[in-house]
Amino acid sequence: MKTVFEVFAGMACNDDWQVAGRRKGASRRIKHLKTDSRQVSECQVDKQRTINAMNELRGEDFWLQWRDVLSEHLLSSASVSSKKNEDVYLKHCVCYGLGNFASCISARYQLAMLLLLLETLQIPAGSCCVYDPAFSVSECNALRELGFNVLTENEVEIHTCAVVKRNWNFVISFKWSLYTHQEGKRAVSQPTLFYLMHCGKALYNNLLWKNWSPQTLPNIVIIGNSFHGIQERMLQREFERDYSFLSYVIRVCEETSLACSQRFLDVFNDTALVQFPPENLNRLGDCTWTETSEPLYQHCKDLEIILREKHC
């Protein structure tokens, strides 16, 4: 009988002995772990930088002026609503077009300002939806770490759920809507703050179109580009032709300019608080509200939003 040594020696001579190499699957797993580790690290850095920017803005004089405007126009409305045993005025927030705050300082300060606004208005970060197709994986993770609800391009939201008795069988009935966040077409049913810093004109126009009624528009509060500033930078005939809903509402919206220091001029310039008081909307003629055709922007050469592909 051969000894163990002789068996192994024979295998080596006959090339039956093979050196075990690293399996491809193991290599991929190690690479995946390294990627995950890097993303976690970047996420924490982005989160901390945003918190630092938030604390920096908190000490700026112009933020104190913003806070006074919010107190006068929004928090006072909330206190009046509470006295009437109604819901708090603003419970929800939507933010579009923030940009890459990991690499862009302006976007980071805008995100920091959003956190200050939510804190002041007592809106939980979890009730604030954010969407931008430019967000990286680590930026999405950082936003979730900060408590935000990060949206995908299209999102189904269930509004109501009812159990219906039909032929002695119980059927669950859902009412749902498909939001196209990339184009800003989000319908609201409750008072909602839209934070739209330096967003395209079409996004504002789409938001107005989606909520085009004197009953729904008062539920929308916008902090973003000045509507009057948009109008001043365009030819009136093109403004009315391409952005009709903006052109209608600019006559009756209530716009309050928000201050900006010289240092943050590129970040917060031309920013305003825009509201739609019911008494102002009632001044528009009935024929204005019958115009409900979806905007197509066929004449716009430099459209400032990305349109979704249309499928037949």
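On a predicted model such as this, the values are computed, not experimentally measured, just so you know. Numbering of residues begins from 1 in every chain and follows the order in which that chain's sequence is written. Only residues with pLDDT of at least 70 get local features here, since the model is predicted, and only at 80 or more are side-chain atom pairs given and counted; chain-wide, interface and lining totals rely on the full set of residues. With hydrogens and water set aside, each side-chain value is computed from the structure's full complement of heavy atoms.

(A) Focus on the side chain of D242. The numbering of helices and of strands both runs from the N terminus, where a helix is a DSSP run of H or I of at least 4 residues and a strand a run of E of at least 2. Mapped onto the elements of the fold, D242 is located in helix α8 (residues 236-242). Remark: exposure states derive from per-residue accessible area (1.4 Å probe, protein chains only) relative to the maximum for the residue type, with buried under 20%, exposed over 50%, and partly exposed in between. Residue classification places D242 among the buried positions, given a relative accessible area of 10%. Pairing of N or O atoms within 3.5 Å defines a polar contact, subject to two protein rules: one partner must be a possible hydrogen donor and the other a possible acceptor, and residues neighboring in sequence count only if both atoms are side-chain atoms. For D242, the side chain forms a polar contact with the side chain of R241, separated by 2.8 Å. Residues within four places of D242 in sequence aside, it is in contact with N205, Y297, H299 and C300. Residue contacts are defined here by distance: any two heavy atoms, one from each residue, within 4.5 Å place the two residues in contact.

(B) Just the confidence of the model for the protein, in detail. The share of residues in the protein with pLDDT of 70 or more is 71%, and the mean pLDDT across the chain is 81. Overall, residues 79-88 carries pLDDT values under 50, and its contacts beyond four positions in sequence, including any with other chains, amount to four contacts. In the model, residues 156-165 has pLDDT below 50 throughout and makes 29 contacts with residues more than four positions away in sequence or in other chains. Per-residue confidence from the prediction method is given by pLDDT, with values spanning 0 to 100.

(C) Region of interest: the environment of L258. In this fold, L258 is placed in the loop between β8 (254-257) and α10 (265-268). Spatially, the C-alpha atom of L258 lies 6.1 Å from that of W66, the residues being 192 residues apart in sequence. Excluding its chain neighbours within four sequence positions, the residues that come into contact with L258 are W66, V69, I223, T271, A272 and L273.

(D) Structural view of the sheet that holds strand β1 (residues 92-96). Read across the sheet, seven strands follow the order β3-β2-β1-β6-β7-β9-β8 without closing on themselves; strand pairing throughout is mixed. Edge positions in the sheet fall to β3 (149-150) and β8, since each of these pairs with one other strand and no more. Here the rule is simple: two strands pair whenever DSSP picks up at least two bridges between them. Here four bridges tie β1 to strand β6 (residues 192-196), and the two strands are oriented parallel to one another. Paired with H92 across the strands is T192, a residue of β6. With axes taken as lines fitted to C-alpha atoms, and helix axes fitted only over the stretch in contact, angles between N-to-C directions fall between 0 and 180 degrees. Those strands touched by helix α4 (residues 105-121) are β1, β2 (128-131), β6 and β7 (220-225), and its axis lies near 165 degrees from that of β6.

(E) Broad picture of the pattern of salt bridges. We define a salt bridge as a side-chain nitrogen of Lys or Arg found within 4 Å of a carboxyl oxygen belonging to Asp or Glu. Scanning the model with the defined rule gives eight salt bridges in all. Across the salt bridge formed by E294 and K185, the nearest N and O atoms sit 2.5 Å from each other. Here the residue E294 occupies a position in the segment after α12 (286-289), and K185 occupies one in the loop between β5 (169-180) and β6, the gap between them amounting to 109 residues. A salt bridge links D242 to R241; the shortest N-O distance between them is 2.8 Å. Put simply, E56, E60 and R263 are held in one network by salt bridges that share partners.

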